[in-house]
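# Remarks on the overall topology
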Amino acid sequence: MALLDSILYAFVTLNGMSTSPFVLIALAFVGAYLGARLVEIIPFTRRIIERRNAATGEAE
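None of these values were measured; they are calculated from a predicted model.

### Brief notes about the overall build of the protein
Within the protein one finds three helices and zero strands. Starting at the N terminus, the α and β elements of the protein follow one another as α-α-α. Here the protein has a C-alpha radius of gyration of 20 Å; the compact-globule value for 60 residues is 10 Å, and the former is much larger. Oriented by its inertia axes, the alpha-carbon framework of the protein measures out at about 60 × 25 × 10 Å. The buried share among the 60 residues of the protein stands at 0%. Approximately 5,500 Å² of the protein is accessible, and the part contributed by carbon and sulfur atoms is 72%.

Cut-offs applied
- Every residue gets a number counted from 1 within its own chain, in the order that chain's sequence is written.
- Side-chain atom pairs in this predicted model are given and counted only at pLDDT of 80 or more, local residue features only at pLDDT of at least 70, and totals for whole chains, interfaces and linings cover all residues.
- Processing note: side-chain calculations cover all non-hydrogen atoms of the structure and skip hydrogens and water entirely.
- Numbering goes from the N terminus for both helices and strands, where a helix is a DSSP run of H or I of at least four residues and a strand is a run of E of at least two.
- A radius of gyration in this sense is built from C-alpha atoms; the matching globule rule multiplies 2.2 Å by the number of residues raised to 0.38.
- Three exposure classes are used, based on accessible area relative to the maximum for each residue type with a 1.4 Å probe and protein chains only: buried under 20%, partly exposed in between, and exposed over 50%.
- Only the protein chains shown count as cover for residues, with accessible areas throughout obtained via the Shrake-Rupley method and a probe of 1.4 Å.

Put into structure tokens, the structure is as follows:
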């Protein structure tokens, strides 16, 4: 039960912070940054981006 209490306390704390617009804006910026970094790291998405850039370069 102590583990369940800790988990519930964490959810209640996060719920209280999520009502603050400043915390939500900060989380949005962190999520956008991590998403951009993740796209660069994943090889499949990197190849898609390279093909798109190559196609754009040929069209110009």
